[in-house]
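# Structure at a glance
Chain by chain, the residues run as shown.
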Amino acid sequence: MSEITTDGTAVTVIHGEKISLLRVLGPAHVWALGVGIVLVGEFMGWNFAVGKGGGLAALIACWTAGLLYTCVAMIDSEVTSTVAAAGGQYAQAKHIVGPLMAFNVGLFLVMAYTMLEAANAITAGYLIQTVGGMAGFDGVHDKPFIVLTIMALALLNYRGVYATLTFNLVITAIAFVAIVVLFFGVRPWSHDLLKPNELLGGLPYGWLGVIASLHFGLWFYLGIEGTTQAAEEVRSPARSLPLGTMLGMITLLIAAAMTWYVCVSLMPWEYLGQATTPLFDAARLTGSTSLMVLLFIGTIFSTLASANGCINDASRAWFSMGRDRYMPAWFGAVHPKYRTPFRSIFFLVPIALIFALGAPLDQVVTFSILSGLLGYTFMSFNMMMFRSKWPLGSIRRGYVHPLHPLPAIVLFVLCAATYFAVFLGYGTQLLAMMVFYIVVSMWFAFHRYKFVRRGDQFTMPWPRPRGY
Amino acid sequence: MNAFQWLEYLAWAVSILIGAWLLYDLVKTNTSYSEDVLMSSREGEIEDDLVIDPTHRGAK
């Protein structure tokens, strides 16, 4: 398939009968995939938690969601270090729980990431439109830039995973550095610019506000679980996936703390709670042009990195479902030259375009969050069943998470609390989405499952599970 | 027509070109290779012979 020439350069040639995804990624790419998808939540979105319950509630939501996602990252790291397959949680569900759960988890992933991609493209288009307006141009449109964002990133993904995630690594690192520079730029050791005591505002809506703010507290970390989608393309899954995921989680906890402190110390909660680009607004309040430019670049880069990672993850999940015939097998193809799931990438482009051009941003984002939340709830069950069926010592693990079953229980409790938080603000969407997943589950169980090659779908060389 | 409108037309044009190329490559690839080859990938398969990353293969 591929040859290495004497000078060490890679040349792709076809000489075999088999094609697989390319194993070229390292821990830094895994970090870039996970943090790249999430970091946009620091630049915009998390601050709606402030609107729900005030600055202090947003901090509690930040910590609570941080705990939820630390559990997610630990659980994911352990299971994925043994299930080295594209599709991440879908492949986990297939092997550990069963086909119907796997079908649902696969759809959670595709919907969550495609919606998030659409939301990011909308945001990128909005930012460019805003810049056009600020530059004095009349009648500027965002749609051409929304479409260009999706098409350009789809092209990048289509032509290879290494370039895609190296690009993500660079722009994500720049966006993260922008947050760090802003944090030190406002001199947090002094109160020259920051007024936390005056602006924090207590708990204006009491503890109900704290619970309601949990919904948007997820934005600080939503998407870190996407690192598992790279499982089939990393050089050493057992090492790179836990390392990249846990480093990503640490990065996000640092970025979230810095973002919250800077923003609530610079802006009244009433404004911050409905701001479109809070970090950029914080930079504007410093009066520093260089900080403004840096945070604008960071905002754009974080948006692009998130959309880019979403295309990568959604296509892997869709590809895996096609390969197992949970969806038409046509989607399970790999490009012989670029070694990417090219049909899945191509197929998801018009879907992302339809949502980006035709649906309101808040509905798109809520659908993404709810699909993600359903996936996290699955993880708590999945982990319990994984340890029960294959206890420590029965199969080789690249990472063993501590204190089991506590993280799985904490994850389940926090998911339940977050469902209630989402119900408070978006109850209709929550119910509509539940109906959607129930209907498609029935379609899978009564129609689609007969196409699945039942024996072929279980590929892991694991011993027979305990009790079977 | 102002500069931003030119930029908008450019964005549309580049998007259409990318879409056309993706479609062209998709059709070309589908017709150039058999389905058996294109869909020969197997879940979780680790084949060191297929790894092309030079560093992984010990190259400097």
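Residues numbered from 1 in each chain as written. Chains lettered and ligands numbered in written order. Predicted model: local features only at pLDDT ≥ 70, side-chain atom pairs only at ≥ 80, totals over all residues. Heavy atoms only, no water.

### Overview of the overall build of chain B
Note the following rule: Each helix is a run of DSSP H or I of at least 4 residues and each strand a run of E of at least 2, with the numbering of both proceeding from the N terminus. Relative accessibility under 20% of the residue-type maximum defines a buried residue, over 50% an exposed one, and the middle range a partly exposed one, all with a 1.4 Å probe and only protein chains included. Only the protein chains shown count as cover for residues, and the accessible areas themselves come from Shrake-Rupley with a 1.4 Å probe.
Check the secondary structure of chain B and you find two helices and zero strands. Every one of the 60 residues in chain B was classed for burial, and the buried ones make up 32%. Surface accessibility of chain B: about 3,800 Å² in total, with carbon and sulfur atoms responsible for 62%.

### Observations concerning the overall build of chain A
The test is simple: Any pair of residues with heavy atoms lying within 4.5 Å of one another is described as a contacting pair.
Helix and strand counts for chain A stand at 17 helices and two strands. For chain A, with 468 residues in total, the buried portion stands at 62%. Sequence-distant contacts in chain A: of pairs separated by 6 or more residues, those separated by 24 or more amount to 83%. In the form shown here, chain A has an accessible surface area of approximately 16,600 Å², with 70% of it arising from carbon and sulfur atoms.

### Digging into the pattern of salt bridges
Residue and element names in this part refer to chain A. Cut-off, in case you're wondering: Throughout this description, the term salt bridge denotes a Lys or Arg side-chain nitrogen within 4 Å of a carboxyl oxygen of Asp or Glu.
On inspection of all chains with the given rule, the structure shows nine salt bridges over all chains. Put simply, Arg387 and Glu78 hold a salt bridge, and the shortest N to O gap is 2.8 Å. With Arg387 in helix H16 (residues 361-389) and Glu78 in helix H4 (residues 55-80), the pair connects residues that are 309 residues apart, well separated along the chain. The exposure class assigned to Arg387 is buried, which follows from its relative accessible area of 12%.

### Comments concerning the interface of chain A and chain B
The criterion, for reference: Once two parts are joined, some of their accessible surface, as seen by a 1.4 Å probe, is lost; buried area is that loss totalled over both.
Of the residues lining the interface, 57 residues belong to chain A; the matching set on chain B comes to 40 residues. Roughly 4,300 Å² of surface becomes buried between chain A and chain B when both sides are summed, with 67% attributable to carbon and sulfur atoms. It is Lys18, Arg23 and Phe346 of chain A in chain A that bury the most area against chain B; as a group they hold 13% of the surface buried on that side. Applying the counting rule to chain A against chain B returns two salt bridges.

### A short note on the packing of aromatic side chains
Residues and elements named next belong to chain A. For the record, the criterion: We call Phe, Tyr and Trp rings a pair once their centres come within 6.5 Å, taking the six-membered ring for Trp, and we label the pair stacked below 30 degrees between planes, edge-to-face above 60, and tilted otherwise.
Evaluation of the coordinates by the stated rule reveals 33 aromatic pairs over all chains. Ring geometry for Phe48 and Trp219: centres 6.2 Å apart, planes at 80°, overall edge-to-face. With Phe48 in helix H3 (residues 48-53) and Trp219 in the loop between helix H10 (206-217) and helix H11 (237-266), the pair connects residues that are 171 residues apart, well separated along the chain. With centroids separated by 6.0 Å and ring planes inclined at 55°, the aromatic side chains of Phe216 and Trp219 adopt a geometry described as tilted.

### Quick notes on the UniProt feature "domain: Amino acid permease/ SLC12A" (unreviewed entry) in chain A
We count it as follows: UniProt positions are given in the numbering used here, feature names are shortened, and annotations may be inferred rather than shown by experiment.
UniProt's entry tags residues 36-444 of chain A with the feature "domain: Amino acid permease/ SLC12A" (unreviewed entry), counted in the numbering of this structure. Across residues 36-444 of chain A, the secondary structure splits into 74% helix and 0% strand, with the terminal C-alpha atoms separated by 33 Å.

### Observations concerning the confidence of the model for chain B
Residues and elements named next belong to chain B. The condition that has to hold: How sure the predictor is of each residue is captured by pLDDT, a score from 0 to 100.
Per-residue pLDDT for chain B has a mean of 80; in total, 73% of the residues score no lower than 70. Counting contacts from residues 47-60, a segment whose pLDDT is below 50, to residues more than four positions away or on other chains yields 27 contacts. For this predicted complex, the interface confidence score (ipTM) comes to 0.87, while the overall pTM stands at 0.90.

### Points about the packing of helix H6 (residues 99-134) of chain A against helix H7 (residues 143-158) of chain A
Residue and element names in this part refer to chain A. Our working rule: For helices, the fitted axis covers only the stretch in contact; all axes are lines through C-alpha atoms, and the angles between them, taken along N-to-C directions, range from 0 to 180 degrees. When an angle is under 35 degrees it counts as roughly parallel; over 145 it counts as roughly antiparallel; between 65 and 115 it counts as roughly perpendicular; any other value is oblique. Left-handed describes a crossing in which the near helix is turned anticlockwise from the far one by less than a right angle; the clockwise case is right-handed. Classification used: nonpolar for Ala, Val, Leu, Ile, Met, Phe, Trp, Tyr, Cys and Pro, charged for Asp, Glu, Lys and Arg, polar for all others including Gly.
Direction vectors running N to C along H6 and H7 enclose 135°, while the axes themselves pass 8 Å from each other. In terms of orientation, H6 and H7 fall into the oblique class. Crossing hand, H6 versus H7: right-handed. Contacts between H6 and H7 involve Glu117, Ala121, Ile122, Ala124, Gly125 and Ile128 from the first element and Phe145, Ile146, Thr149 and Ile150 from the second. Its residues assigned to classes, the contact of H6 with H7 comprises seven nonpolar, two polar and one charged.

### Quick look at the UniProt feature "transmembrane region" (unreviewed entry) in chain B
The residues that UniProt annotates with the feature "transmembrane region" (unreviewed entry) are residues 6-24 of chain B. Between the C-alpha atoms that bound residues 6-24 of chain B there is a distance of 27 Å. The span itself is 100% helix and 0% strand.

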